Every structure is written in structure tokens, then in C-alpha cells.
Amino acid sequence: SFPSPTWSGGAVLLCLFLGVTVFTPLANSLLWWLVGALSGAVMYYANGHVGYGAGLVLAIYTGSLWPLLLQRLAQHSIGRSIFTLVWVFIWLIVACVWVSAYNFVPVGGTYTRERTDILLAVTLCLIGLGACVPSSSSVDTKKVDDRSPKQAKRLPLLSRKSLSPRSKQALFLVVLVGLGGIALRHFSYKPELWTQKHKVSDTEFTAAIWTVHFGLDNNGLNSFENIADFVNSTGADVIGLLETDVSKPFLGSIDMAMYVGEKLGMYSDHGPATHRHSWGCLLLSKYPIVKSSHYLLPSPHGKLLQRIESALLVLTYAESCWFTLSFCL
């Protein structure tokens, strides 16, 4: 079993808040960075609850960095710093594509093929440099520390070593609002099976397959809503969507399987995770998915491909039927 997407998201929010409010004094510690790096590695290589638990530790570490890094940002040229941050972010996003589409990029494919681990390591090392290496700032932080409490209250948030009580209270309210939204979504959402009347006969079922190209339209914008509407118009019982994704940052880290499945009231199953260096395949079914196996298919001259083998409980027959969905070139 895997963590629930709703309640596990609330735990991540709490861990971020815990990092900001409790663990900020450790932000520039090399040992604390090692804890964050180790948790990132475990999150990447482990599955299920173990990987999720490591992700919670990484969330605490990430939250603890915010005050320190924002303080250092305020001590330097804002424009130059933001410009550098944006360019580093863009190259990391491009690298997210290179590790999977290595055979379809003009340069770097040979070196970036299936190396998401290297991408994660580079990101953590850059974080370590920003947090652990002393800042050569023109601001005299000793003078800032020697100011009276009344003077310190007038200092901007970014010039302090830790958050003020008011800032912590404001963040706590934000977390409460977030947790309230998660709870509201959890209790208000009631999944219902697809009730559209589409069958010609009770002894038949219909199937469809579609390459959705990551859920982007011709303008490069999210088109999950349009995908759901089109899939609904087909009236198919079992649908395979190819070139899907559930975690890439350039798609907003939106889980396409959950979004489309809940929109249509269908059961969903995504193949091997996209951090396994492949674009995904997604199975949508009107019938309950009682068993599913995921496979990565080797492709020496292209990108890794995927296959899903699922047993669906077809209610008409009251027995399981096996379906296979493959993404291949």
C-alpha cells in the first residue's frame, strides 16, 4: 500500500512548518545538510512508506533553509541573485527532460541518459553550497545581533537569523488554512463510478488508447480539463493514455492519473514512476482494478518504455479480465 495523497500532503505541509519554526538554527550545519542529502537519496531509491518517510525528513530540512537563504538573498544584489536563481532553475528543468528524452535532444543525451540520481545530487550540492558556505556579505551581522529588541522589531524579516513570533503565527495560520482545505477536499470528495450509458450489449466492453503528449495543448498550456472532457465523450470502458506524467515540475507536479480519474469517476493506475527515466502510461477503467504489475521495457536506441498489466473486475461477468497497456516506439 502507498500513503494517501490527501493526508500525506498534509503531513508534508506540517513538516515544512516544523522545519521553518524549529530547525532553522541548524540550517548552516554541515551535519544537518548530510541529513537532508541522505533523506533525499532514500526518497529517490526507496518505494512506498519508506520513501515517503524520507521525503518528510527532506521537507523538514527544506523548510529549515528558508529563513537563512532569504536572509542571504537580502544581503546581496536582489536583481543579480534572482537572475542567477532563475537560470539555474531553468537548467534543472531542462535536465529533468534530458534524463528521459536523451535520444531526442541535440546535446547532452549521452551523458544525461537515465541519470536522475545525478540531477538530484547536483541539486542537493547546490543547496549545501548556499547553506553551509559562509556568506561574504557587506552587511555587518554582528551589529544586527547587538541591536536592542525594540530596534530589532523594526528590522525586516530577512535580516534576522530566525522568524519573529508574529511571522511564526502568520505561517501557522497559513498551515491551518492548508490543512483545512485538505480535510475539506478529503471529506467532500465522493468517488462515483462512471454512469454514462454507452454499452450496446452487456456482454461487450469498449477500449480506447490516446497519446496525450504530457497533457499540454498547442500553446504549451495545461489541458487536463480538455483531456477529461474528450475521454468522457468516447464512452470507453477502459482507456490507455500514453506520454503521461505525475511528478515533473514543468507540469506543475500535477498527478494526471488522480486528476482525470477523479474528474471522470474512474479507477486509475499509473505505470512506473516517471523518475525512473521514462514517460508514463496511464490506465483508466470503469471497473475496479484488483491487481496491477508495472514493467520497464529496455530500449537501447530510444527512451525506456513501459507496460502495465492489470486485472479488472468486470462487473458484468463478476470475474477478472486481464488488460495490457504498453508504451513503445
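Residues numbered from 1 in each chain as written. Predicted model: local features only at pLDDT ≥ 70, side-chain atom pairs only at ≥ 80, totals over all residues. Heavy atoms only, no water.

Visitor: Quick one: what's the story with the overall build of the chain, residue by residue and with numbers?
Guide: From N to C terminus, the chain includes 11 helices and seven strands. Within the chain, buried positions represent 37% of all 329 residues. Just so you have it, the chain exposes about 18,800 Å², and 65% of that area is on carbon and sulfur atoms. (Helix = DSSP H or I, 4+ residues; strand = E, 2+ residues; numbered from the N terminus. Buried < 20%, exposed > 50% of the residue type's maximum accessible area, 1.4 Å probe, protein only. Areas by Shrake-Rupley, 256 points an atom, 1.4 Å probe, with all protein chains shown as cover.)

Visitor: An account of helix α6 (residues 116-132) is requested, with residue identities and associated values reported.
Guide: Between its first and last C-alpha, α6 extends 24 Å over 17 residues, near the 24 Å set by a 1.5 Å rise per residue. Inspection of α6 places Thr 116, Leu 119, Leu 124, Gly 128 and Ala 131 among the buried residues, and these make up the whole buried set. Tucked inside the fold, the buried residues of α6 contact α2 (30-45), α3 (48-74) and α4 (78-98). (Expected span 1.5 Å × (residues − 1). Contact = heavy atoms within 4.5 Å.)

Visitor: So, the packing of α3 against α6: which residues are in play, and what are the values?
Guide: The contact between α3 and α6 brings their axes to 10 Å, and the two run at 45 degrees. Comparing their axes, α6 and α3 come out oblique. Here α3 runs over α6; the crossing is left-handed. Mapping the contact onto sequence places Leu 58, Tyr 61, Leu 65, Leu 68, Leu 69 and Arg 72 in α3 and Leu 124, Ile 127, Gly 130, Ala 131 and Cys 132 in α6. Across the contact of α3 with α6, the residue classes tally to nine nonpolar, one polar and one charged. (Axes fitted to C-alpha atoms, helices over the stretch in contact; angles between N-to-C directions. Parallel < 35°, antiparallel > 145°, perpendicular 65-115°, else oblique. Left-handed = near helix turned anticlockwise from the far one by under 90°. Nonpolar A, V, L, I, M, F, W, Y, C, P; charged D, E, K, R; others polar.)

Visitor: Pulling in residues and values, what's your account of the sheet that holds strand β3 (residues 267-270)?
Guide: An order of β1-β2-β4-β3 is seen for the four strands of this open sheet, with the pairing classed as mixed. Here the strands that pair on one side only, and so sit at the sheet edges, are β1 (207-211) and β3. Pairwise comparison of adjacent strand axes, ignoring direction, gives a mean angle of 15 degrees for this sheet. This element, helix α10 (residues 224-234), spans β1, β2 (238-244) and β4 (280-285) of the sheet and lies at about 150 degrees to β2. (Pairing = 2+ DSSP bridges.)

Visitor: Got a sec to walk through the pattern of salt bridges? Specific residues and values, please.
Guide: Applying the stated rule across the entire model yields one salt bridge. Note that Glu 225 and Lys 263 form a salt bridge whose closest N and O atoms lie 2.8 Å from each other. Here the residue Glu 225 occupies a position in helix α10, and Lys 263 occupies one in helix α11 (residues 256-264), the gap between them amounting to 38 residues. (Salt bridge = Lys/Arg side-chain N within 4 Å of Asp/Glu carboxyl O.)

Visitor: Explain the confidence of the model for the chain to me, and be specific about the residues and the numbers.
Guide: On average, residues of the chain score 77 in pLDDT, and 71% of them are at 70 or above. Across residues 150-160, confidence stays below pLDDT 50; counting only partners more than four residues off in sequence or on other chains, it has 13 contacts. (pLDDT = per-residue confidence, 0-100.)

Visitor: Could you give me a rundown of the packing of aromatic side chains, with the residues and numbers involved?
Guide: Taken as a whole, this structure holds eight aromatic pairs when the rule is applied. Judged by centre distance (4.8 Å) and plane angle (85 degrees), the rings of Tyr 44 and Tyr 45 are edge-to-face. Classification of Tyr 44 as buried rests on a relative accessible area of 9%. Residue classification places Tyr 45 among the exposed residues on the basis of a relative accessible area of 53%. One aromatic cluster in this structure is built from Phe 23, Trp 32 and Tyr 61. (Phe/Tyr/Trp six-rings, centres within 6.5 Å; stacked < 30°, edge-to-face > 60°.)

Visitor: Which residues make up the nonpolar core, and what are the values?
Guide: With 15 residues, the main nonpolar core has Val 231, Ile 239, Leu 241 and Leu 284 as its most contacted residues. If you list the elements that add at least two residues to this core, you get α10, β2, α11 and β4. In this structure Leu 241 touches Trp 210, Val 212, Ile 227, Val 231, Gly 280, Cys 281, Leu 282, Leu 284 and Leu 325, once residues within four positions along its chain are discounted. If you look at the next biggest cluster of nonpolar residues, it comprises 14 residues, including Trp 32, Leu 68, Leu 124 and Ala 131. (Core = buried A, V, L, I, M, F, W, Y, C linked by side-chain atoms within 4.5 Å.)

Visitor: Talk me through the environment of Gly 53; I want residue IDs and the actual numbers.
Guide: Inspection of the secondary structure assignment puts Gly 53 in helix α3. The exposure class assigned to Gly 53 is partly exposed, which follows from its relative accessible area of 28%. In sequence terms Gly 53 and Val 42 are 11 residues apart; their C-alpha atoms lie 9.0 Å from each other.

Visitor: Before we move on, could you go through the packing of α10 against α11 and cite the residues and values that matter?
Guide: Running from amino to carboxyl end, α10 crosses α11 at an angle of 45 degrees, the nearest separation of the two axes being 10 Å. In terms of orientation, α10 and α11 fall into the oblique class. As for how α10 packs across α11, the hand of that crossing is right-handed. Across the interface between the two elements, Phe 224, Glu 225, Ala 228, Val 231 and Asn 232 of α10 pack against Met 256, Tyr 259, Val 260, Lys 263 and Leu 264 of α11. Here the contact of α10 with α11 is composed, by residue class, of seven nonpolar, one polar and two charged.

Visitor: Tell me what's going on with the pairing of β4, and back it up with residues and numbers.
Guide: Judged by how many residues are buried, β4 sits mostly within the fold: six of six residues are covered. Judged by which residues are buried, β4 turns out to be covered on both faces: Gly 280, Leu 282 and Leu 284 on one side and Cys 281, Leu 283 and Ser 285 on the other are all buried. Pairing geometry for β2 and β4, over six bridges, is antiparallel. When the sheet's bridge partners are listed, Leu 242 is paired in β4 with Cys 281.

Visitor: An account of a nonpolar patch on the surface is requested, with residue identities and associated values reported.
Guide: Together, Ile 78, Ile 82, Phe 83, Leu 85, Val 86, Trp 87, Phe 89, Ile 90 and Trp 91 make up a nonpolar patch on the protein surface, roughly 920 Å² of accessible area in all. With respect to the helices and strands, Val 86 occurs in helix α4. (Patch = residues over 30% accessible without salt bridge, like charges linked within 9 Å, V, L, I, M, F, W, Y side chains within 5 Å.)

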